[in-house]
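# Structural features, examined
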Amino acid sequence: MQPTDSQTSTAPDTTSQVNDTQTITIPPNKKKSKPSSKTRRRLKEAEPLPFTIDGLSHDGRGVAVYGNGFGEADGHVEDKHGKKVFVSFALPGESALVKLTNSRTSFEEGDAISITANPNPERAVPPCPHFGVCGGCNLQHWQPDSQINFKQSVLAEMLVHQANVEPDTWLAPVVGDRLGYRTKARLGVRYVAKKETALVGFRERSSNFLAELNECHILDPRIGFEIENLKTLISTLESRDKIAQLELAMGEQMPELPDGNQPVALIVRNLAPLSDADIEKLKVFFTARNWQLYLQSKGADSIKRIALTDADDMTEQFGRLYYQLPEYNLTFEFIPTDFTQVNLSVNRQMTKLACELLDLKVGERVLDLFSGLGNFSLPLARLVGETGSVVGVEGSDAMTARAAENARRNDIHNTEFYTQDLTHDCSDKPWANQGFDALLIDPPRSGAWEIMQYLPKFNAERIVYVSCNPATLARDTKALLEQGYRLTHAGVMDMFCHTGHVESIARFEKVAA
């Protein structure tokens, strides 16, 4: 659970206490740091220990060390002095009572169960009653402005550590919706016979068990405040113990378009065929909320839409969802299983910022790598005009087709989309030899190391790199610097507020020979 303290206060508009001179500690590898069953039993019976929080780890946990102001009488045995402890729910400067949850040779982990002195002025009251138990987010005890400032300091440290560089200009953090923002998620489902109820939600922290949730303040409220109703619905089904997962996707209400009055889609993962009675119950529930209903019995090919009204188009496997980029007069169509950005409010600002950083002129040619359904390609195409062009390249045939269709539906004719495995040198492909003035890249968490090896062949003057992993962005930055580019701008975007994840953006410019 999160720590309790009657002195806890919320200070508006503050900056992070992690300053430029403070080292941010790299947290242990999660896969390698899981405690053994023996360790869990021993620590469960152990008394909590006092610690002073000296700093933060990259994932936002407090960092303390044994022996800092405490001795053997406090449980800080001498042979542990100097050993690091990673403390969830704690902030710098605080004195905390910590319940240890893991003990390894080189470090320990624990939860702050109370703040005994010096509460950090950036501490906030978590908005969600399940915070501390649910593993869906881990930073609700910290003010959002302080979270994003800290994430920028993490990016700054990684750039210095891995690439020995600072940008010419730090961009102001991009901020959007901080609660009720998440429009894509997979929720676990489990029926608990002893309690005669279903559990629906995310897993508990550091556990394979589902958290017992009634609401979620991070999920879009169209689902986040329907969890209790979903639990009740599933508990009444004959196949209640055969429902394993709900995959959800949400778009914007656009009643003038096909399926546009059904902007929420749920895929029900059923481990056994559902009875007609169960399907009817689902249909009634979903119809009342104007949601799209899908059943999935096996792999992705088995996903089947269930018709709720006579207007539902059943000629395709999936119905349609939509989101807009009003700045560019664009409407995007996607299906529930497509990748889309989870925070639509930040996505609108992110696409605008990326376009501004590329500083495009009418008639220029742009290459968009990992182009997806055209989220960046289409606004770029608007900016370069009919005399310019945008080439989008993506590893998925389905997403390439979706991008081309989105271009057509938005009456954009200066784009080309290609499917290509970008981990292999594709600079000899016909589309790659046309010459480009600017390049945008938005890779997965693993980054774009393979592309960095042949990227100079595209000869782009300006590059914007959008990243969901600052570590791989910093690594790839080093490669770009070695290939004759300089880092002009960098910043972070609050795509995943209240979690340790961060979206980053960087601009590079070719150095004149």
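Details of the structure are given in the entry above.
Report on the accompanying structure. (Residues numbered from 1 in each chain as written. Predicted model: local features only at pLDDT ≥ 70, side-chain atom pairs only at ≥ 80, totals over all residues. Heavy atoms only, no water.)

## Notes on the sheet that holds strand S11 (residues 264–270)
- The strand order across the open sheet built from six strands is S9-S8-S10-S11-S12-S13, with neighbouring strands paired in mixed fashion. Edge positions in the sheet fall to strand S9 (197–201) and strand S13 (304–306), since each of these pairs with one other strand and no more. Each strand of the sheet is rotated relative to its neighbour by a mean of 25°, with strand direction disregarded.
- In the sheet, strand S8 (residues 184–192) pairs with strand S10 (residues 243–250) via five bridges, with the strands oriented antiparallel. If you follow Arg-186 over to S10, its bridge partner there is Glu-247.
- Set on the sheet, helix H4 (residues 227–236) makes contact with S8, S9, S10, S11 and strand S12 (291–296); between it and S9 the angle comes to about 140°. (Pairing = 2+ DSSP bridges. Helix = DSSP H or I, 4+ residues; strand = E, 2+ residues; numbered from the N terminus. Axes fitted to C-alpha atoms, helices over the stretch in contact; angles between N-to-C directions. Contact = heavy atoms within 4.5 Å.)

## A look at the sheet that holds strand S1 (residues 49–52)
- Strands sit in the order S1-S5-S6-S4-S3-S2 across an open sheet of six strands; the sheet is mixed. Single-partner strands in this sheet number two, and they are S1 and strand S2 (55–56).
- Note: strand S3 (residues 62–65) against strand S4 (residues 84–88), four bridges, orientation antiparallel. Across the sheet, Val-65 pairs through a bridge with Lys-84, a residue of S4.

## What about helix H10 (residues 470–482)?
- Taking 1.5 Å of rise per residue, 13 residues should cover 18 Å, and H10 covers 19 Å from first to last C-alpha, within 8% of that figure.
- Residues of H10 that are buried include every one of Pro-470, Thr-472, Leu-473, Ala-474, Asp-476, Thr-477, Ala-479 and Leu-480, and no others.
- Buried residues along H10 sit in contact with helix H2 (144–163), helix H9 (449–454), strand S20 (462–467), strand S21 (485–493) and strand S22 (503–510).
- The opening residue of H10, the one whose side-chain oxygen lies 3.0 Å from the backbone nitrogen of Ala-471, is Asn-469.
- Residue Gly-484 follows H10 closely and has a positive phi angle near 95°. (Expected span 1.5 Å × (residues − 1). Buried < 20%, exposed > 50% of the residue type's maximum accessible area, 1.4 Å probe, protein only. Polar contact = N/O pair within 3.5 Å; in protein donor to acceptor, adjacent residues only side chain to side chain.)

## Brief notes about the packing of aromatic side chains
- Tallied over the entire structure, the rule returns 14 aromatic pairs.
- Seen from their ring centres, Tyr-294 and Phe-318 are 5.6 Å apart, and the 40° between their planes marks the pair as tilted. Residue Tyr-294 is located in strand S12, and its partner Phe-318 is located in the loop between S13 and strand S14 (321–325); the two are separated by 24 residues in the primary sequence.
- Assessed through its relative accessible area of 0%, Tyr-294 is described here as buried.
- For the pair Tyr-418 and Trp-431, a centre-to-centre distance of 6.0 Å together with 20° between the ring planes defines the contact as stacked. Here Tyr-418 is found in strand S18 (residues 415–419), whereas its partner Trp-431 is found in the loop between S18 and strand S19 (438–441), with 13 residues between them in sequence.
- Its relative accessible area of 29% is what places Tyr-418 among the partly exposed residues.
- A network of ring pairs unites the aromatic residues Tyr-418, Trp-431, Phe-436, Tyr-454 and Phe-458 as a single cluster.
- The lysine or arginine in question, Arg-240, covers the ring of Tyr-191, its NZ or CZ lying 5.2 Å from the ring centre. (Phe/Tyr/Trp six-rings, centres within 6.5 Å; stacked < 30°, edge-to-face > 60°. Lys NZ or Arg CZ within 6 Å of the ring centre and 35° of its normal.)

## Here we look at the state of the cysteines
- Overall, the coordinates contain zero disulfides when judged by the stated rule.
- No disulfide involves Cys-134; its nearest neighbouring cysteine sulfur is the one of Cys-137, lying 6.2 Å away.
- Cys-497 carries a free sulfur, and the closest cysteine sulfur to it, the one in Cys-137, is 9.1 Å from it. (Disulfide = S-S within 2.5 Å.)

## Quick look at the nonpolar core
- With 87 residues, the main nonpolar core has Leu-187, Ile-223, Leu-246, Leu-266, Leu-380 and Ile-505 as its most contacted residues.
- Here this core gets eight residues from one element, more than from any other, and that element is helix H6 (residues 344–358).
- What Leu-187 contacts, discounting residues up to four positions off in sequence, is Val-200, Gly-201, Phe-202, Leu-219, Ile-223, Ala-244, Gln-245, Leu-246 and Leu-248. (Core = buried A, V, L, I, M, F, W, Y, C linked by side-chain atoms within 4.5 Å.)

## Remarks on the pattern of salt bridges
- Under the counting rule described, the total for this entry stands at 28 salt bridges.
- For Asp-259, the salt bridge identified is with Arg-320, shortest N-O distance 3.6 Å. A residue pair is termed long-range when its members are at least 10 positions apart, and Asp-259 in the loop between S10 and S11 and Arg-320 in the loop between S13 and S14 qualify at 61 residues. Summarising the burial analysis for this pair, Asp-259 and Arg-320 share the class buried. (Salt bridge = Lys/Arg side-chain N within 4 Å of Asp/Glu carboxyl O.)

## A closer look at the pairing of S22
- The element S22 is largely enclosed, with a buried count of six among its eight residues.
- Two strands pair when backbone bridges link them, and S20 and S22 are joined in this way by six bridges, in the antiparallel orientation. When the bridges of S22 are listed, Val-464 appears paired with Arg-507.
- Bridge count for S21 against S22 is eight bridges, and the pairing is antiparallel.

## A word on the packing of H4 against helix H5 (residues 276–289)
- Contact geometry for H4 and H5: axes closest at 10 Å, N-to-C directions at 160°. Relative to H5, H4 is oriented roughly antiparallel. Considering the relative orientation of H4 and H5, their crossing is right-handed. From H4, Asn-229, Leu-230, Leu-233 and Thr-236 reach across to H5, where they touch Lys-281, Leu-282, Phe-285 and Arg-289. (Parallel < 35°, antiparallel > 145°, perpendicular 65-115°, else oblique. Left-handed = near helix turned anticlockwise from the far one by under 90°.)

## Looking at the environment of Val-65
- Tracing the backbone shows Val-65 in strand S3.
- Residues Val-65 and Phe-86, 21 residues apart in the sequence, show an inter-C-alpha distance of 8.8 Å.
- Beyond its immediate chain neighbours, meaning those up to four positions away, Val-65 contacts Phe-51, Asp-54, His-76, Gly-82, Lys-83 and Lys-84.

## Topic: the pairing of S21
- Most of S21 sits inside the fold, with seven of its nine residues counted as buried.
- Examined bridge by bridge, strand S7 (residues 169–170) and S21 share two bridges and lie parallel to one another. Paired with Thr-169 across the bridge in S21 is His-489.

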